[in-house]
Amino acid sequence: MRGDLVLIPFISAGIGWLIHRLAVAALLYPVQPRTIAGVRFQGMLPRRREQLVDRVAELAAGQLSGSGMLEAALGDPAHFKKLMPVIEEQIDYFLRVKLKQSMPVVGMFIGDKTIGQLKTVFVTELETIFPTVMKNYAANLAGELNVRRLISEKLLEIPAETLVEGVKTGMKKEIRGLLWLGAVSGFFTGIATLLLWWVLK
């Protein structure tokens, strides 16, 4: 066997690596459309960006609307506990100031003890009805909002360059693996070519 034929697997490996490299480049670049000799070029990902975003928005909206996630999140009693200081402050202001302004006669008979008791009653009642009210509010909100459109609009605000760089960074390991796959498959293709040549010579 000629010595220069031994280079065939390595040349094939280089070709395989280059082909996969070009495939990755064609997927991502150019980000903005370019015209060369009357032919328009653009990376497949930037070119299909709107369709991809619309599909992602559709899937996300379907999951959000169908899972009851929004209702569960807004109806979580933990949110009420976080709001408790503000609620108590507003109730206290209402009983001490607004009520006396609106109904001076009633306000004359309400002291600190009564205000404390009323605050306890109001807060306890609010704590009971809060999850139900918020779940109903979330259900109505999800019905009125076009969640798919909102998600799509927000995703389309991301510049195409940022999207491409994000894909490159997030899939760096997978892209490297794809290039190695091209090299390895090219190498074994070269070996197979050599074996075929040796059998047929």
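Data block above holds the structure.
The text that follows walks through the structure, step by step, so that each part is easy to find. (Residues numbered from 1 in each chain as written. Predicted model: local features only at pLDDT ≥ 70, side-chain atom pairs only at ≥ 80, totals over all residues. Heavy atoms only, no water.)

What follows covers the packing of helix 9 (residues 160–170) against helix 10 (residues 172–200). Look at helix 9 against helix 10: their axes get within 4 Å of each other, and the N-to-C directions meet at 70°. Classified by the angle their axes make, helix 9 and helix 10 are roughly perpendicular. Where helix 9 abuts helix 10, its residues Lys168, Thr169 and Gly170 lie against Lys172, Glu174 and Ile175. Across the contact of helix 9 with helix 10, the residue classes tally to one nonpolar, two polar and three charged. (Axes fitted to C-alpha atoms, helices over the stretch in contact; angles between N-to-C directions. Helix = DSSP H or I, 4+ residues; strand = E, 2+ residues; numbered from the N terminus. Parallel < 35°, antiparallel > 145°, perpendicular 65-115°, else oblique. Contact = heavy atoms within 4.5 Å. Nonpolar A, V, L, I, M, F, W, Y, C, P; charged D, E, K, R; others polar.)

Here the focus is helix 10. Here helix 10 is 29 residues long and its end C-alpha atoms lie 42 Å apart, about the 42 Å a rise of 1.5 Å per residue gives. Inspection of helix 10 places Ile175, Leu179, Gly182, Ala183, Gly186, Gly190 and Leu194 among the buried residues, and these make up the whole buried set. Looking at the buried positions of helix 10, the neighbouring elements they touch are helix 1 (8–28) and helix 9. (Expected span 1.5 Å × (residues − 1). Buried < 20%, exposed > 50% of the residue type's maximum accessible area, 1.4 Å probe, protein only.)

For the rest of this paragraph, the subject is the packing of aromatic side chains. In the structure shown here, the tally under the stated rule is two aromatic pairs. Here Phe187 and Phe188 contribute two aromatic rings whose centre-to-centre distance is 5.8 Å and whose plane-to-plane angle is 85°, an arrangement assigned as edge-to-face. For Phe187, a relative accessible area of 26% corresponds to the partly exposed category. Three or more aromatic residues link up through ring pairs in this structure, and these residues are Phe10, Phe187 and Phe188. (Phe/Tyr/Trp six-rings, centres within 6.5 Å; stacked < 30°, edge-to-face > 60°.)

A few words now on a nonpolar patch on the surface. Among the surface-exposed residues, Val6, Leu7, Phe10, Ile11, Ile15 and Ile19 lie close enough to one another that they form a single nonpolar patch of about 590 Å² accessible area. Mapped onto the secondary structure, Leu7 falls in the segment before helix 1. (Patch = residues over 30% accessible without salt bridge, like charges linked within 9 Å, V, L, I, M, F, W, Y side chains within 5 Å. Areas by Shrake-Rupley, 256 points an atom, 1.4 Å probe, with all protein chains shown as cover. Salt bridge = Lys/Arg side-chain N within 4 Å of Asp/Glu carboxyl O.)

What follows is about the nonpolar core. Within soluble globular proteins, side chains that are nonpolar generally end up buried alongside one another. Grouped together as the largest cluster of nonpolar side chains are 11 residues: Phe80, Met84, Ile87, Ile91, Leu95, Leu99, Ile110, Ile115, Val123, Phe130 and Met134. At the level of secondary structure, the elements contributing two or more residues to this core comprise helix 5 (77–102) and helix 7 (112–144). Here this core takes six residues from helix 5, the largest share from any one element. Among all residues touching Ile87, those that are not within four sequence positions of it are Phe80 and Leu126. Counting seven residues, the second largest nonpolar core, distinct from the first, contains Val24, Leu28, Val31 and Ile175. (Core = buried A, V, L, I, M, F, W, Y, C linked by side-chain atoms within 4.5 Å.)

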